[in-house]
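Here is what each chain is made of, one letter per residue.
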Amino acid sequence: MPESLANLEQLRDDLRSQMLQLGDFRSGSITAVSGRCGKPNCRCHRPGQPAHGPNFRLTRKVNGTTVTETFTSAVALRKAQREVEAYHRFRELSRQLLEVNELICRARPVQESLTPEEKKRPKRSTRKSATK
């Protein structure tokens, strides 16, 4: 059963309110990277020894280019994780807002009427076109 226009508008207002509560956010994904260093005598090159890491990185696209940010501390990593989670929430709320707005557009009655000028049909020209 389709929802009433008033309920849809209230839902849209609720979604907008949730968006305003988000705070800081940024796009990207955080990954853990482990690897071997370039020092041949390092323990990471010995058989059975673990590689260095994990090192956490935020990767995102900026103007079509992949940008990677490495975190210097666990506090910076937690901050970035909160910001990325908020961004994912923003995307979900945006999707829901668009969906509700489309329902509102379909549910809202047409209230416009044509002006007298728009109602007039254009008259056909009585002039004959010049033929060559």
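So, a few notes on the structure that sits alongside this text.

So, how was this worked out
Residues numbered from 1 in each chain as written. Predicted model: local features only at pLDDT ≥ 70, side-chain atom pairs only at ≥ 80, totals over all residues. Heavy atoms only, no water. Pairing = 2+ DSSP bridges. Helix = DSSP H or I, 4+ residues; strand = E, 2+ residues; numbered from the N terminus. Axes fitted to C-alpha atoms, helices over the stretch in contact; angles between N-to-C directions. Contact = heavy atoms within 4.5 Å.

The next point concerns the sheet that holds strand 1 (residues 29-35). Reading across from one edge, 1-2-3 is the order of the three strands in this open sheet, with antiparallel pairing throughout. Taken across any chain shown, the strands that pair with only one partner, and hence form the sheet edges, are strand 1 and strand 3 (65-70). Strand-to-strand twist in this sheet, taken as the mean axis angle between neighbours without regard to direction, amounts to 40°. Examined bridge by bridge, strand 1 and strand 2 (residues 52-62) share six bridges and lie antiparallel to one another. Looking at the pairing, Ser29 lines up with Thr59 of strand 2. Strands in contact with helix 2 (residues 74-107) are strand 1 and strand 2; relative to strand 1, the strand with the most contacts, it is inclined by about 140°.

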